[in-house]
Amino acid sequence: MSMHTTPITAAFTPPPGVIGAYPESLGAWLAEVRASNGLELREVARQLRLNPTIIQAIEADDFARLGASVFVRGYLSRYAQLLELPETEVLDRYRQQLNDTQAPTLKVVLPIQRQTRVRDLRGLLYLLVLGGIGWAAVEHLDDLNPSRLTALWTGKPQNSSQTMAAPTTAASQVQYPFQTQPSEASSEPLTPNQAPPAAEPAPSPSLPDPDLAPAIAVWQPPVSTPEPAPILAVSGVGTAPAAPTLSVNNTSPDSEAGAKLLLEFSNDCWVEVKDAQGNILASGMMRANTARTLSGATPFKVTLGNAPAARIIFDDRLVDTTVYVPRRGTVSRFTLDRGDQP
Amino acid sequence: MFKWLRGKFSSDLSIDLGTANTLIYVRGGGIVLNEPSVVAIYQDPVRGVRTIAAVGAEAKRMLGRTPSNLSTIRPLKDGVIADFTVTEKMLQHFIRKVHSRKFFNPSPRVLVSVPCGSTQVERRAIRESALGAGARVVYLIPEPMAAAIGAGIPVEEARGSMVLDIGGGTSEVAVISLNGIVYAGAVRIGGDRFDEAIINYVRRNFGVLIGEPTAEKIKHEIGSAYPTSEVREIEIKGRNLAEGVPRSFTLNSNEILEALQEPLSGIVSAVKMALEATPPELAADVADRGIVLTGGGALMRDIDRLLMEETGLNVVVAEDPLTCVARGGGRVLELIAKDERAIDAFAIE
């Protein structure tokens, strides 16, 4: 009988490199060695200071019941030491049998936070802000009109030039009489600028009297002041009769907007006209033999590209060419205003 | 400055700033640095300016063998910082060493494990030195917790586990359950005290003076915590105190066991105190599963046997006990990378 067993055990060697190729499992191997050493399970448990159920579980290969592998490794190495088995081999076989050598994943119990409520509130806040922006955009849509924006942009410099211009006009007392058409002039509502000054010096009607010193005086100076005055004070020579009644009208603001400007061109000319508020009334190329009527609040700020080709009728009065035709070149910039006499 | 930008080019680190060794674990890269916490300082003899000459293993080779203008410093003592500036420099050196890219100075998120017995001042010193070394954020977690996680103990379970971490400067014992420390105790006994005990024993019994590196060598080769039938010997050379000349002599493991009695009993009593202070349910869990040993001290021969005999409980030595703390910190880092709030479960401050 022993003849059979001895050669087999002696001849048996595990295949090189493969430790797990033993005929039995790790638990069975340990149990077998323990039995061959004549040790009781309880005795082993006592010596290892372990619960006998743990030894039972090891011998049944029920490692999952024993918990974390750090403990199982400890039990096995101690058991191997007790049975005088090679410790590393036992542990290697355990690792193979376990398959997953991964350490247990670390889990953290995070305190339950009322995060969701805060997040909801935050969302509400965003919504409110977005709503506010939208409302503001709708409310102020008109303000975002491009023409208004350009007016806002160009408005300031224009106003300043005007304030500069007004005193010079008054100081120089340069006045240019226009060909008046009394019937129409009286029917036209007049601007407040014009009327109160006109009332004083013009007690008599349209005909040039010796008394009408300002008008005559004005009549000569074009020679003495030949500069193409960029600023024109349009004197209301022929408006005197209407003055007393008009002075009442003057206070109403809508008379301000009533100024009329007729532009006629004998040749192509580039034109830009702005009213008192800086609104662009006309801007662009005017063809030869065309006319354009504009109305708005005075003073008008006029730019002509080809001034000699233009004929300007302001409030039904023809504006003298000396006013706007420059001495050199053709481009002219000037302001048309109803005469504000001192 | 630009810490955020530099942080983009840095990897998160878990640092085990130990008295004896400093280990660095890079998130996703494993343990990348394991060097002795030793710094060699060069003092300019003319100007008196002190500069770092060597750090780590290189500096350790100089330990006890330096000329007058060089000195080797172990900036950590008993698990805490003893020399703030040198610790900062050492950390800076190690952090740069693990970042191969040189373009930016690294500014990583750093997790440092600190002894649970450390005071607030000591913890603050560790935090400040890590920040000074360029860290962007510093997390501090208790060392026994990091050790337990690194050893693979399921710390999140509602089940008590006891871990004993024997380090270079301190030994810490803690009972952990549900990601928290239920009880923690620390004694300022560790590998250094073992070396010291060996030096004292040899001087007293043999009249021979030996250096720290020699004492460490004796401890590694023949040191054991429990008497066994197998007796090992080692030949040692030291300076004879009476004659003043170097002498060679032989030490055996039983003599070293005798030398280590005092520090070992200190550790054993710390464990016994912990067991006394453990709530009964958790004590039952510990009795069921046993105590897990980590740290360099766990490598001492038969220390598990000693604790087993003294406490009557099963004692298990963790796999690769030296790196447990750094690996545990690394696993916490991985958790933080997923969810920043995870640190709240472990952080000390």
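Just so it is clear, the structure is predicted and the values come from calculations on it, not from any experiment.

1. Observations regarding the packing of helix 6 (residues 191-206) of chain B against helix 7 (residues 212-222) of chain B
Residues and elements named next belong to chain B. Look at helix 6 against helix 7: their axes get within 9 Å of each other, and the N-to-C directions meet at 100°. Relative to helix 7, the element helix 6 lies roughly perpendicular. Residues G191, F194, D195, I198 and I199 of helix 6 lie in contact with helix 7, whose contacting residues are E212, A215, E216, I218 and K219. The residue inventory of the contact of helix 6 with helix 7, partitioned by class, reads five nonpolar, one polar and four charged.

2. Digging into the sheet that holds strand 9 (residues 109-114) of chain B
Residue and element names in this part refer to chain B. Taken together, five strands build an open sheet; the order of strands is 3-2-1-9-10 and the sheet is mixed. Each having just a single partner strand, strand 3 (30-36) and strand 10 (137-142) make up the two edges of the open sheet. Here the strands of the sheet are splayed against their neighbours by 20° on average, with no regard to which way each runs. Judged from the five bridges that link them, strand 1 (residues 13-17) and strand 2 (residues 21-26) form a sheet pairing that is antiparallel. In the sheet register, S14 faces strand 2, and the bridge partner there is Y25. The strands touched by helix 5 (residues 143-151) within the sheet are strand 1, strand 9 and strand 10, with strand 10 carrying the most contacts at an inclination of about 80°.

3. Digging into the sheet that holds strand 4 (residues 39-43) of chain B
Residues and elements named next belong to chain B. Pairing within the open sheet is antiparallel, and its three strands lie in the order 5-4-6. Each edge of the open sheet carries a strand with a single partner, namely strand 5 (50-55) and strand 6 (70-73). On average, adjacent strands in this sheet sit at an angle of 30° to one another, irrespective of strand direction. Note that strand 4 and strand 5 share five bridges and pair antiparallel. Bridge assignment links Y42 to a residue of strand 5, and that residue is T51.

4. Points about the pattern of salt bridges
Evaluation of the coordinates by the stated rule reveals 30 salt bridges over all chains. For the salt bridge of R95 of chain A with E319 of chain B, the shortest nitrogen-to-oxygen distance reads 3.2 Å. Within this pair, whereas R95 of chain A is found in helix 6 (residues 87-98), its partner E319 of chain B is found in the loop between strand 18 (315-317) and helix 12 (324-338), the two belonging to separate chains. R95 of chain A gets classed as partly exposed once you look at its relative accessible area, which sits at 33%. Here E272 of chain A and K274 of chain A are joined by a salt bridge, their closest N and O atoms 3.9 Å apart. Shared partners join several salt bridges into a network, and the residues in it are R73, D92 and R95 of chain A together with E319 of chain B.

5. Here's the deal with the packing of aromatic side chains
All names here are of chain A. Across all of its chains, the model carries four aromatic pairs over all chains by this definition. An angle of 80° between the planes, with centres 5.1 Å apart, marks the rings of F63 and Y94 as edge-to-face. One end of the pair, F63, is in the loop between helix 4 (52-59) and helix 5 (69-82); the other, Y94, is in helix 6, with 31 residues separating them in the sequence. Grouping residues by exposure puts F63 and Y94 together as buried.

6. Concerning the interface of chain B and chain A
It is common to give the size of an interface as the accessible area lost on bringing the parts into contact. Each partner contributes to the interface: chain B provides 31 residues, whereas chain A provides 24 residues. A combined buried area of about 2300 Å² lies between chain B and chain A, and 56% of that area is made up of carbon and sulfur atoms. For the pair chain B and chain A, the number of links is four salt bridges. Among the ionic pairs, R73 of chain A bridges to E319 of chain B, the shortest N-O distance being 3.7 Å. Across the contact surface, chain B and chain A share six residue pairs in polar contact (both at pLDDT 80 or more).

7. With respect to the side chain of S107 of chain B
The residue S107 of chain B is located in the loop between helix 3 (84-98) and strand 9 in this model. At 3.0 Å, the side chain of S107 of chain B forms a polar contact with the backbone oxygen of G134 of chain B.

8. Comments concerning helix 4 (residues 120-132) of chain B
All names here are of chain B. Over its 13 residues, helix 4 extends 18 Å from the first C-alpha to the last, a length consistent with the 18 Å expected when each residue adds 1.5 Å. Every buried residue of helix 4 is listed here: E122, R123, A125, I126, S129 and A130. In an axial view of helix 4, the angular spread of the buried residues amounts to 155°, which keeps them on one side of the axis. Opposite its buried face, helix 4 presents the exposed residues Q120, V121 and R124, each directed more than 90 degrees away. Tucked into the core, helix 4 has its buried residues touching strand 1, strand 8 (80-81), helix 3, strand 9 and strand 10.

Parameters and conventions
Residues numbered from 1 in each chain as written. Chains lettered and ligands numbered in written order. Predicted model: local features only at pLDDT ≥ 70, side-chain atom pairs only at ≥ 80, totals over all residues. Heavy atoms only, no water. Axes fitted to C-alpha atoms, helices over the stretch in contact; angles between N-to-C directions. Helix = DSSP H or I, 4+ residues; strand = E, 2+ residues; numbered from the N terminus. Parallel < 35°, antiparallel > 145°, perpendicular 65-115°, else oblique. Contact = heavy atoms within 4.5 Å. Nonpolar A, V, L, I, M, F, W, Y, C, P; charged D, E, K, R; others polar. Pairing = 2+ DSSP bridges. Salt bridge = Lys/Arg side-chain N within 4 Å of Asp/Glu carboxyl O. Buried < 20%, exposed > 50% of the residue type's maximum accessible area, 1.4 Å probe, protein only. Phe/Tyr/Trp six-rings, centres within 6.5 Å; stacked < 30°, edge-to-face > 60°. Buried area = accessible area lost by both parts, 1.4 Å probe. Polar contact = N/O pair within 3.5 Å; in protein donor to acceptor, adjacent residues only side chain to side chain. Expected span 1.5 Å × (residues − 1). Arc of directions from axis to C-beta.

Shape descriptors only; they carry no functional weight alone.
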